[in-house]
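Overview (structure and organization)
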Amino acid sequence: MSATTLPRVLLVGKPNSGKSLLFNRLTGLQQKVANFPGVTVDVKRGRTEDFELIDLPGLYSLTPISVDEQVAVDQLRLALADTRCAAVICVLDATRLERSLVLGLEARAAAEARGIACVYALNMCDELNNAKLSIDSSGLSAALGHPVLPISARTRSGLGALETQLKKIQSAPPVPKCQTPASRTIDFTAEAKQLAARFAPQTDRLLTRQNRLDAFTLANVTGFLSFTVVMAVLFQSIFTWAQPLMDAAATGLKILGTSAAALMPTPMLGDLVKDGLLGGLSAVLVFVPQIFLLTFIIGILEDSGYLARAAILCHRPLSLLGLSGRSFVPLLSGHACAIPALMAARTIESPRARWLTWMAIPLMACSARLPVYGLLIAALIPDKRYAFGLLGARGLALLGLYAGGILSGLLVATAIDRVTPKKTKAALPLILEMPPYRVPSWRPLLRRAISSSWAFIHRAGGTIFVVSLIVWIGGYFPNGNGHLESSWLAGVGHFIAPIFAPLGLDWKVAVAVVTSFLAREVFVGTLGVLLGIEEAKEHTDDMAAKLQATGMTLASGMALLAFFAVALQCVSTLAVLRRESGSRILPLAMAVCYTVAAYGLAYLVYTLVNALH
Amino acid sequence: MMRLSDLTIGTVATVAAIDPGAEPATLARLTTLGLVVGTPIAVERRLPMSGPIVLRFGGAVFALEHATANLISVHNTVPSQQESL
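The residue count restarts for each chain, going from 1 along the sequence in the order it is written. The naming scheme follows written order: chains are lettered A onward, ligands numbered 1 onward. Two thresholds apply to this predicted model, a pLDDT of at least 70 for residue-level local features and 80 or more for giving and counting side-chain atom pairs, whereas whole-chain, interface and lining totals are computed over all residues. Only hydrogens and water are set aside; all other atoms, that is, all heavy atoms of the structure, feed into the side-chain values.

**Considering the overall build of chain A**
Secondary structure counts use DSSP, requiring at least four H or I residues in a row for a helix and at least two E residues in a row for a strand, with both numbered from the N terminus. Looking only at helices and strands, chain A features 27 helices and 10 strands. Restricting the calculation to C-alpha atoms gives the radius of gyration, and the globule rule supplies 2.2 Å times the number of residues raised to the power 0.38. Its C-alpha atoms give chain A a radius of gyration of 27 Å, within 12% of the compact-globule value 25 Å for 613 residues. With respect to the principal axes defined by its C-alpha atoms, chain A has extents near 80 × 55 × 50 Å. For chain A, buried positions account for 57% of its 613 residues. In this description, contact between two residues means that some pair of their heavy atoms is separated by no more than 4.5 Å. Counted over contacts in chain A with a minimum sequence separation of 6, partners at least 24 positions apart contribute 76%. Surface summary for chain A: the accessible area is close to 26100 Å², and the carbon and sulfur share equals 66%. Positive charges come from Lys and Arg alone, negative charges from Asp and Glu alone, with His and the N- and C-terminal ends not counted. For the purpose of locating charges, the reference atoms are NZ of Lys, CZ of Arg, CG of Asp and CD of Glu. Put simply, chain A has 54 plus and 39 minus side-chain charges, and the middle of one group is 4 Å from the middle of the other. Exposure categories follow from relative accessible area, calculated using a 1.4 Å probe and restricted to protein chains: below 20% of the type maximum is buried, above 50% is exposed, and the middle band is partly exposed. Accessible surface area values rest on a Shrake-Rupley calculation with a 1.4 Å probe, where residue burial reflects the displayed protein chains alone.

**Side note on the environment of Pro436(A)**
Residues and elements named next belong to chain A. For Pro436, the position within the fold is in the loop between β10 (431-433) and α20 (442-476). Using a relative accessible area of 4% as the deciding quantity, one classes Pro436 as buried. For the pair Pro436 and Asp303, spaced 133 residues apart in sequence, the C-alpha separation works out to 9.9 Å. Leave out the neighbours within four places in its chain, and Pro436 touches Arg96, Gln210, Asn211, Ser304 and Gly305.

**A word on the nonpolar core**
Nonpolar side chains tend toward joint burial in soluble globular proteins. To form a nonpolar core, buried Ala, Val, Leu, Ile, Met, Phe, Trp, Tyr and Cys residues must be joined to one another through side-chain atoms within 4.5 Å. Ranked by internal contacts, the top residues of the largest apolar core, which has 127 residues, are Ile312(A), Phe328(A), Phe523(A), Leu527(A) and Leu560(A). In terms of nonpolar packing, the next biggest core, distinct from the first, is built from 42 residues, Leu80(A), Ala110(A), Cys118(A) and Ala192(A) among them.

**Quick word on the pattern of salt bridges**
Any carboxyl oxygen of Asp or Glu within 4 Å of a side-chain nitrogen of Lys or Arg constitutes a salt bridge here. Taken as a whole and assessed by the stated rule, the structure comprises 23 salt bridges over all chains. Put simply, Asp214(A) and Arg309(A) hold a salt bridge, and the shortest N to O gap is 2.8 Å. One end of the pair, Asp214(A), is in helix α9 (residues 214-217); the other, Arg309(A), is in helix α14 (residues 306-320), with 95 residues separating them in the sequence. Given the relative accessible area of 1%, Asp214(A) is considered buried. A salt bridge links Glu44(B) to Arg56(B); its shortest N-O distance comes to 2.5 Å. With Glu44(B) in strand β3 (residues 40-46) and Arg56(B) in strand β4 (residues 53-57), this residue pair connects regions lying 12 residues apart in the sequence.

**Here we look at the interface of chain A and chain B**
Of the residues lining the interface, 37 residues belong to chain A; the matching set on chain B comes to 33 residues. Buried area counts how much accessible surface, traced with a 1.4 Å probe, disappears from two parts once they are put together, with both parts' losses summed. Taking both sides of the interface into account, the surface hidden between chain A and chain B amounts to around 3100 Å²; carbon and sulfur atoms contribute 62%. Where chain A packs against chain B, one counts two salt bridges. Across the salt bridge formed by Arg29(B) and Glu69(A), the nearest N and O atoms sit 2.8 Å from each other. Polar contact is the term for a pair of N or O atoms within 3.5 Å; when the atoms are in protein, one must be able to donate a hydrogen and the other to accept it, and sequence-neighboring residues count only if both atoms are side-chain atoms. The interface formed by chain A and chain B contains 13 residue pairs in polar contact (both at pLDDT 80 or more). Every element with two or more residues in the side of chain A that touches chain B is listed here: α3 (97-113), α7 (185-199), α8 (204-210), α9, α14 and β10 of chain A. The residue classification treats Ala, Val, Leu, Ile, Met, Phe, Trp, Tyr, Cys and Pro as nonpolar and Asp, Glu, Lys and Arg as charged. All others, Gly included, are polar. Class assignment of the residues belonging to the side of chain A that touches chain B gives a composition of 16 nonpolar, nine polar and 12 charged. For two strands to pair, DSSP has to find at least two bridges joining them. Pairing between β10(A) and strand β5 (residues 60-64) of chain B: three bridges, direction antiparallel. Residue Ile431(A) lies in a different strand from β5(B), and its bridge partner there is Leu64(B).

**A short note on the environment of Ala345(A)**
Residues and elements named next belong to chain A. Take Ala345: it is sitting in the loop between α16 (338-344) and α17 (351-360). Classification of Ala345 by relative accessible area gives buried; the value is 0%. Between the alpha carbons of Ala345 and Ser451 there is a distance of 21 Å; along the sequence they are 106 residues apart.

**So, unusual backbone geometry**
In this structure, Arg156(A) takes a positive phi of about 70° despite not being glycine. One can find Arg156(A) in the loop between β7 (148-150) and α6 (159-171). Residue Asn76(B) is not a glycine yet carries a positive backbone phi of 55°. Looking at the element boundaries, Asn76(B) is found in strand β6 (residues 72-78).

**Points about the sheet that holds strand β1 (residues 2-3) of chain B**
Read from one edge to the other, the open sheet built from seven strands follows the order β10(A)-β5(B)-β4(B)-β3(B)-β2(B)-β6(B)-β1(B), with strand pairing classed as antiparallel. Pairing within the sheet leaves two strands with one partner each, and these edge strands are β10 of chain A together with β1 of chain B. When strand β2 (residues 12-18) of chain B meets β3(B), the two strands line up antiparallel, connected through three bridges. Note on β3(B): the bridge partner recorded for Ala13(B) is Ile41(B). Orientation is described by lines fitted to C-alpha atoms, with helices fitted over the stretch in contact, and by angles between N-to-C directions that extend from 0 to 180 degrees. Sheet strands touched by α14(A): β10 of chain A together with β4 and β5 of chain B. Its angle to β10(A), the strand with the most contacts, is close to 155°.

**Brief notes about the pairing of β3(B)**
Residues and elements named next belong to chain B. Summarising burial for β3: five of the seven residues are buried, a large majority. As judged from the four bridges shared by β3 and β4, these two strands associate in the antiparallel manner. Note that in β4 the partner of Arg46 across the bridge is Ile53. Where β3 folds back on β4, the antiparallel hairpin that results is connected by six residues, among which Met49 adopts a positive phi of roughly 55°.

**Regarding the side chain of Ser324(A)**
Residues and elements named next belong to chain A. Along the chain, Ser324 falls in the loop between α14 and α15 (328-333). Side-chain polar atoms of Ser324 contact the backbone nitrogen of Arg326, separated by 2.9 Å. When neighbours within four sequence positions are excluded, Ser324 is seen to be in contact with His315, Leu318, Ile348, Glu349, Ala353 and Leu430.

**Structural notes on helix α25 (residues 554-566) of chain A**
It helps to recall that an α-helix has 3.6 residues per turn; residues three or four apart then point in one direction. Residue and element names in this part refer to chain A. Counted at 1.5 Å a residue, the expected span for α25 with its 13 residues is 18 Å, and the 19 Å between its end C-alpha atoms agrees. Counted residue by residue, α25 has 11 buried out of 13 residues, so it is predominantly covered. For α25, the set of buried residues is Ala555, Ser556, Gly557, Ala559, Leu560, Leu561, Ala562, Phe563, Phe564, Ala565 and Val566. For a helix, the expected span equals 1.5 Å multiplied by the residue count minus one.

**Topic: the pairing of β6(B)**
All names here are of chain B. Of the strand pairs in this sheet, β1 and β6 are connected by two bridges, and their pairing is antiparallel. Note on β6: the bridge partner recorded for Met2 is Val74. Pairing analysis gives five bridges linking β2 to β6, with the strands arranged antiparallel. Residue Thr14 lies in a different strand from β6, and its bridge partner there is His75.

**Regarding a positive patch on the surface**
Residue and element names in this part refer to chain A. Two joining distances apply to patches: 9 Å for like charges and 5 Å for nonpolar side chains (Val, Leu, Ile, Met, Phe, Trp, Tyr), and every residue must have over 30% relative accessible area and no salt bridge. Taken together, Lys132, Arg205, Arg209 and Arg212 make up a surface patch of like positive charges. Topologically, Arg209 is positioned in helix α8. According to the relative accessible area criterion, Arg209 is partly exposed, its value standing at 31%.

**Some words on empty space enclosed by the protein**
Residue and element names in this part refer to chain A. Think of a 1 Å grid over just the protein atoms. A cavity is a set of points where a 1.4 Å probe fits yet cannot get out, a pocket is an open set with protein on both sides within 12 Å along at least five of seven lines, and lining residues have an atom within 4 Å of a point. Grid points are joined across faces, edges and corners, and a volume is the space filled by probe spheres set on the points. Scanning the entire structure with this criterion turns up seven cavities of 30 Å³ or more. Of the pockets and cavities examined, the largest cavity occupies roughly 80 Å³. Considering the residues around the largest cavity, the lining is formed by 14 residues, among which Cys366, Ala368, Arg459, Arg520 and Cys570 are closest to the centre.

Right, here's the structure in full:
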């Protein structure tokens with residue numbers, strides 16, 4: 001049976017009830033997962049043997065108060081209205097029963113009204129049992145009028161019974177529609193309280209014990225220290241730990257390039273493959289280990305429950321800048337990619353803080369900037385070491401660029417906050433649930449890291465491949481290798497060169513910058529192709545050395561770094577921003593302002609560095 | 001009457017009143033999360049410089065902004081018991 005004709009089962013529940021893990025366990029490898037980690041803001045689809053399973057974002061109730069909740073409620077109602085919807089699984093957190101039941105009851109009412117079968121999955125029973133507590137699931141089932149199945153998505157216990165129950169529903173006769181009088185959320189909340197009073201165990205000590213690490217991570221001094229250490233570890237992974245993997249990737253791609261070129265029937269095609277395609281691609285693909293590690297570590301922080309602590313640690317400082325503690329996760333994930341970061345900003349309760357966060361996200365040093373930074377730093381900055389080899393000049397330069405991105409983002413946000421008039425209506429307050437500290441399950445973590453790495457490769461592959469090909473054709477013809485100056489592309493290049501001449505950059509770099517407006521990594525690809533054609537004899541495979549040989553000065557290089565740090569060169573970011581904000585003007589204005597500001601900053605840096613040298 | 005934002009870590013209390021002048025959306029959310037008059041609450045953590053306050057209520061643990069905690073008046077306060085976990 002194809003996925004489109006399979007009956008659908010919806011997965012609903014409050015945030016942090018373990019829905020995502022349950023979804024992972026039930027669908028295994030057969031899921032179309034969103035590319036990046038973060039709070040589930042979008043619908044996830046997957047399939048089991050007999051059903052299409054749909055994981056919906058977590059909700060406390062069907063009465064939304066923020067944008068992301070409104071979207072989630074709409075998605076739920078839409079999914080329930082679909083005729084293929086056969087059942088709803090309401091996930092209840094056994095350790096937080098009262099809060100889980102509010103949505104549990106509302107979802108039951110919505111399902112019954114449409115004659116859709118309802119099943120309760122009482123999750124986290126393992127944690128309850130470890131605390132020597134239990135819930136009378138059959139009593140609860142009688143009170144709710146629907147099956148209540150104790151499970152643990154973590155230990156996989158009870159999943160078989162859940163699947164059996166779903167199969168039973170599939171073969172059972174259709175449930176009659178049952179219209180209960182419309183109730184308000186406040187009534188469901190009261191009913192949830194009554195049910196919890198009857199069935200929920202005494203979880204006070206358990207809850208306090210689950211959060212005992214907060215005595216360290218949320219205390220005055222140790223809280224700040226632990227936050228700094230965690231962030232340092234995260235960014236170290238980008239700079240240092242990925243290095244061996246990157247070296248391996250670089251070597252591998254080099255071998256691939258040479259052997260592929262050797263297989264080509266003509267030298268021209270060999271050049272095309274080696275310089276044109278693999279040259280550009282490899283300079284970008286070498287950063288896949290970084291993307292992987294970054295996503296993996298952010299995933300650990302999120303699944304362990306630490307990110308919620310980080311958010312409230314940051315809340316007061318970020319509020320002073322006009323942002324929110326909830327801006328922390330989008331700003332952090334913006335270091336992997338701006339697109340999921342912009343979507344994660346939906347969880348920010350205040351519309352004003354959300355807009356300001358959108359302004360700041362494109363300034364975070366995303367993974368697409370990494371190949372550009374990597375190349376320019378390798379070409380311009382010597383590999384000097386300080387402090388007995390612990391600190392390197394190149395590592396520090398990269399750190400500076402990342403820190404600069406964060407600082408400029410916060411600066412822009414607070415500047416816009418102070419300049420734009422505040423509406424009298426107060427912002428929605430931060431009310432954030434603290435999940436318990438947990439040891440993350442490694443399988444979903446791995447899957448998400450692989451998924452985001454693959455998305456990076458896919459995007460790099462697609463755009464760079466096409467652009468590199470076009471650039472190669474423009475630079476190769478009519479005279480072939482070593483005659484770049486007389487090629488078709490040179491004509492175009494010399495036309496646009498005057499824009500970048502004040503920064504001491506030649507026409508090749510100018511062409512590369514223009515192409516990078518499609519996607520930043522394309523800069524490296526384009527430059528790789530052009531430098532490859534220019535240098536007829538293969539002295540060096542190393543792109544940094546080739547770039548050095550062109551005579552690019554430190555001032556020009558740093559100006560270029562400054563440009564890439566600020567300019568908005570991502571069509572996808574603009575598209576997502578338009579979708580999230582509903583405004584055409586905002587992304588356009590941001591693109592223009594940031595690019596102009598980038599040029600201005602680049603010129604400033606160029607002049608300054610020249611003056612200091 | 002004491003405010004929720006005045007309580008120290010480990011204190012247990014009962015919600016006496018919630019400022020009706022607060023934003024309706026805020027009041028609605030607090031209600032959905034189970035924070036209404038008569039709800040028992042416990043203060044788990046406080047963050048410095050008027051940062052958020054972590055509370056246990058309604059069978060779960062939430063962090064509230066200082067300003068939100070200021071809206072909530074409490075009575076029947078029982079200071080920290082020095083429980084061993």
